[in-house]
Structure formats: C-alpha cells, structure tokens
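Examination of the molecular architecture
One letter stands for each residue in the lines below.
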Amino acid sequence: MPARVIVLAGPSGAGKSRLAERMARARGWPTLRLDDFYRDGDEPGLPRITTGSNAGLVDWDHPATWHHEDALAALESLCAHGFADIPVYSISESRRTGSQRLDLRGATHFCAEGIFAAEVVEECRERGILAAAYCVTQHPGLTFWRRLTRDLREHRKPPLVLLRRGIALARAQRQVVRRAVAVGCRVATGDRAFAELNASTEDDHAVAG
C-alpha cells in the first residue's frame, strides 16, 4: 500500500521534531529529517547574510542552502517504495557525514519535518502523496528559548552566532508562518496537531492539507 507524508513546517525551535517523535511513539510513523538535506558549508555560491552582526556568514535559513530536489526525490521514494537512502548531516560541522536507509517497514504514513518543509508542500500535494501539512507554532519567546538552548546543547554553531541568529529568527517568525500558510499548512501548536493527527485513521482524508 503506498504511503503518504505528513509535512511539519514552522519556525526553528517551534517543536516540529518533538511532534514527529510523539507521532512515532503513538502511531509508529517514521520520521524523515529534512534538515539532513542541507548543502555542505564549503559548496560555492551559498547565500550569505548581508546585514547585521552575522553579515558574511552562510545564511543557513535561506532555502538555497538546501537540496530541494534530493529531498523531494526521497519523499517520492518513501511514498512509492517504502524506503529511501538519505544523507546524514552534521549541523555543527556544516557537512554531510554519511548516508542511511530509512525504511517505513509497512507504515502507511510518515512525518517529514524541517525548517524548509514548506518548500515541498505544494509538490507533494500535486503528486498525491500529501496526507497533511502543519505549521507548528509556539509563542515567539518560547520558540526563541527552546531553539537557543537546543542549539547551544548540540554545539551547532558558536554561541554568539547562535544568539544573533536567534534574535533574527524571532523577528522573522511571522514571515515563516505566512509562507507556510500560503502553501496550505494548517497553523497549530504541537499539542493541537498531535491531537488531530492521533485521532485520525490511516485512511482519514479530513486532515489533508
């Protein structure tokens, strides 16, 4: 039976990964980490931050730092065949460190989450593989704090860079949500999205994006 994807978009730190983990425990739905499709930091032509304290650094919040077509191909393979070979990416090193096979093991749904998730919603819908699309949100202050503590804990980038990035992302949060809404994502907190998805059945189209 072909699988379909639940796309979880939204600001960095809003709870997309947490929601995907909850769905994995509750329903057995695997997770595709779309952030693993980042480009290596030494690739030529990556977009740069042009203003502010982090000017000159790679703008990792720009979609051009991400392998869109590779991510879409993985989504299609998972839905059609139930497995896909996907990269393993180290954010702290800004490079791909390996690859692994994601196997749905018969699951008819899976979650795909990441900061560029909204970029694949329309194409997934056009291909008939989209089950639902959510924009996960929290209060901007809570999102800022969760993102900063996570990024510091995982040593993603130098602390001052993370702090400056966090402030910039907090200011851009409304724009991220607007982009997700424009492609058809349903805006909800992680708790609300979990309740709606967990109440659905495998063949329930009521939550389709």
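Everything quoted here is computed from the prediction, not taken from an experiment.

Examining the overall build of the protein
Per the secondary structure count, the protein includes six helices and seven strands. Traced from its N-terminal end to its C-terminal end, the protein shows the element sequence β-α-β-α-β-β-β-α-β-α-α-β-α. Computed over C-alpha atoms, the radius of gyration of the protein comes to 17 Å, within 12% of the 17 Å expected from 2.2 N^0.38 for 209 residues, which places it in the range of a compact globule. Summarising its shape, the C-alpha atoms of the protein cover approximately 50 × 35 × 30 Å along the three principal directions. Looking at the protein as a whole, 45% of its 209 residues are labelled buried. Of the contacts formed within the protein by residues at least 6 apart in sequence, a portion of 75% connects residues at least 24 apart. Of the accessible surface of the protein, which amounts to about 10500 Å², a share of 51% is contributed by carbon and sulfur atoms.

Quick notes on the sheet that holds strand S5 (residues 109-113)
An order of S2-S5-S1-S6-S7 is seen for the five strands of this open sheet, with the pairing classed as parallel. This sheet does not close on itself; its edge strands, each paired only once, are strand S2 (31-33) and strand S7 (186-188). Looking at each pair of strands side by side, their axes are set apart by 25° on average, direction ignored. Looking at chain direction, strand S1 (residues 4-9) and S5 are connected through five bridges and run parallel. Bridge assignment links Ile6 to a residue of S5, and that residue is Cys111. Docked against the sheet, helix H1 (residues 16-27) engages S1, S2, S5 and strand S6 (130-136), running at close to 165° with respect to S5.

A few points about helix H6 (residues 190-199)
Those residues of H6 that fall on the buried side of the exposure criterion are Gly190, Ala193, Phe194 and Leu197. One side of H6 carries all its buried residues, which in axial view fall inside an arc of 100°. In H6, the exposed positions angled more than 90 degrees off the buried face are occupied by Asp191 and Ala199. Packing partners of the buried residues in H6 comprise S1, H1, S6 and S7.

Focus on the state of the cysteines
All chains considered together, the criterion is met by zero disulfides. Left without a disulfide partner, Cys124 is nearest to the cysteine sulfur of Cys79, which lies 6.8 Å away. Not engaged in a disulfide, the cysteine Cys135 finds its nearest cysteine sulfur in Cys185; these two sulfurs lie 6.1 Å apart.

Parameters at a glance
Residues numbered from 1 in each chain as written. Predicted model: local features only at pLDDT ≥ 70, side-chain atom pairs only at ≥ 80, totals over all residues. Heavy atoms only, no water. Helix = DSSP H or I, 4+ residues; strand = E, 2+ residues; numbered from the N terminus. Rg over C-alpha atoms; globule rule 2.2 N^0.38 Å. Buried < 20%, exposed > 50% of the residue type's maximum accessible area, 1.4 Å probe, protein only. Contact = heavy atoms within 4.5 Å. Areas by Shrake-Rupley, 256 points an atom, 1.4 Å probe, with all protein chains shown as cover. Pairing = 2+ DSSP bridges. Axes fitted to C-alpha atoms, helices over the stretch in contact; angles between N-to-C directions. Arc of directions from axis to C-beta. Disulfide = S-S within 2.5 Å.

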